[in-house]
Amino acid sequence: MDWWRIVHVLSMVWLGAGLGATYPLILKAWRAKDMQYQMYCLVEAANNETRILLPGAMATGITGFFWAVSQNLNFAKTGWLAALTVLYIFFYFVCLPLLGFGLRRARLAALIAAKKGGPTDELRQVLDDRVPIVFGTLLVLSVPLLAWLAVFKPF
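Since we're looking at a predicted model, the values are computed, not measured.

S.K.: With reference to specific residues and values, describe the environment of V43.
M.R.: Mapped onto the fold, V43 is located in helix α2 (residues 35–70). Taking the C-alpha atoms as reference points, V43 and L108, 65 residues apart in sequence, are found 8.2 Å from one another. If sequence neighbours within four positions are ignored, V43 has contacts with R107, A110 and L111.

Here it is, written out as structure tokens:
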């Protein structure tokens, strides 16, 4: 096993830890009935997204790129690698920022509601909005898809 592969696998573990630290809190926030608990979950999910998930996603992309280059793989002529690259760009340059935007909006609404001492209309709107759940689900489902492409190299 070469050095880039080891570093890439470790960065994928980091990405998985970020998804595992963020996504369950999002689900808990939308399932909970207690407003205080919802606000806590949203703030923690937003913090985990910026502290763990984003760096893990960046490390995965960077190490994957350098690993492919070190193996002399051609991104344009290798079908599975081209598909993997396009899907990575979609998931981590479209879905991840939209998840982050939704979480930051939810964190801000939760902090404003906490300062006012109770739930606000903006917080209720944020909780009715499903942006973090939708894009979080897409990100969680992207990991097995991307792994399947990289392991089985179907085309």
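That shown, we press on.
S.K.: Lay out the pattern of salt bridges with the relevant residues and their values.
M.R.: According to the stated counting rule, one finds four salt bridges in the structure shown. One salt bridge connects R5 with D2, and the closest N-O pair in it is separated by 3.9 Å. Here R124 and D121 are joined by a salt bridge, their closest N and O atoms 3.4 Å apart. One end of the pair, R124, and the other, D121, are both in helix α4 (residues 121–128), three residues apart, so they sit about a helical turn from each other.

S.K.: Quick rundown of the environment of T120? Include the residues and the values.
M.R.: Mapped onto the elements, T120 comes out in the loop between α3 (79–116) and α4. Placed 11 residues apart in sequence, T120 and A109 show a C-alpha to C-alpha distance of 7.9 Å. Beyond its immediate sequence surroundings of up to four residues, T120 is in contact with A109 and A113.

S.K.: Tell me about unusual backbone geometry, residues and numbers included.
M.R.: Not every positive phi belongs to a glycine, and N72 is a case in point at roughly 60 degrees. By secondary structure assignment, the location of N72 is in the loop between α2 and α3. By relative accessible area, which is 71% here, N72 ends up exposed. Phi angles above zero are rare outside glycine, and K153 is one such case at about 45 degrees. Position of K153 among the secondary structure elements: in the segment after α5 (131–152).

S.K.: Mind laying out the packing of α3 against α5, listing which residues take part and the relevant values?
M.R.: Remark: α3 packs on α5, axes separated minimally by 9 Å, with the N-to-C direction vectors making an angle of 160 degrees. As summarised for this structure, α3 and α5 are arranged roughly antiparallel, according to the angle between their axes. The two elements α3 and α5 cross, and the hand of that crossing is left-handed. Split by residue class, the contact of α3 with α5 holds 22 nonpolar, three polar and no charged.

S.K.: So what's going on with a nonpolar patch on the surface? Which residues, and what values?
M.R.: A cluster of nonpolar residues, M58, I62, F65, F66 and V69, forms a patch on the protein surface that exposes about 470 Å² of accessible area. Relative to the helices and strands, F65 resides in helix α2. On the basis of relative accessibility, which here comes to 42%, the residue F65 falls in the partly exposed class.

S.K.: How would you summarise the nonpolar core if you had to cite specific residues and measurements?
M.R.: Residues Y92, L99, L123 and L139 are the most contacted members of the largest nonpolar core, which totals 38 residues. At the level of secondary structure, the elements contributing two or more residues to this core comprise α1 (3–31), α2, α3, α4 and α5. Other than its neighbours up to four places away in sequence, Y92 contacts L15, A57, P97, L139, S142, V143 and L146.

S.K.: Tell me what's going on with the confidence of the model for the protein chain, and back it up with residues and numbers.
M.R.: Of the residues in the protein chain, 99% reach a pLDDT of 70 or more, and the chain-wide mean stands at 93. α4 is the least confidently modelled element of the protein chain, averaging 88 in pLDDT, while α1 averages 95, the highest of any element.

Analysis parameters
- Residues numbered from 1 in each chain as written.
- Predicted model: local features only at pLDDT ≥ 70, side-chain atom pairs only at ≥ 80, totals over all residues.
- Heavy atoms only, no water.
- Helix = DSSP H or I, 4+ residues; strand = E, 2+ residues; numbered from the N terminus.
- Contact = heavy atoms within 4.5 Å.
- Salt bridge = Lys/Arg side-chain N within 4 Å of Asp/Glu carboxyl O.
- Buried < 20%, exposed > 50% of the residue type's maximum accessible area, 1.4 Å probe, protein only.
- Axes fitted to C-alpha atoms, helices over the stretch in contact; angles between N-to-C directions.
- Parallel < 35°, antiparallel > 145°, perpendicular 65-115°, else oblique.
- Left-handed = near helix turned anticlockwise from the far one by under 90°.
- Nonpolar A, V, L, I, M, F, W, Y, C, P; charged D, E, K, R; others polar.
- Patch = residues over 30% accessible without salt bridge, like charges linked within 9 Å, V, L, I, M, F, W, Y side chains within 5 Å.
- Areas by Shrake-Rupley, 256 points an atom, 1.4 Å probe, with all protein chains shown as cover.
- Core = buried A, V, L, I, M, F, W, Y, C linked by side-chain atoms within 4.5 Å.
- pLDDT = per-residue confidence, 0-100.

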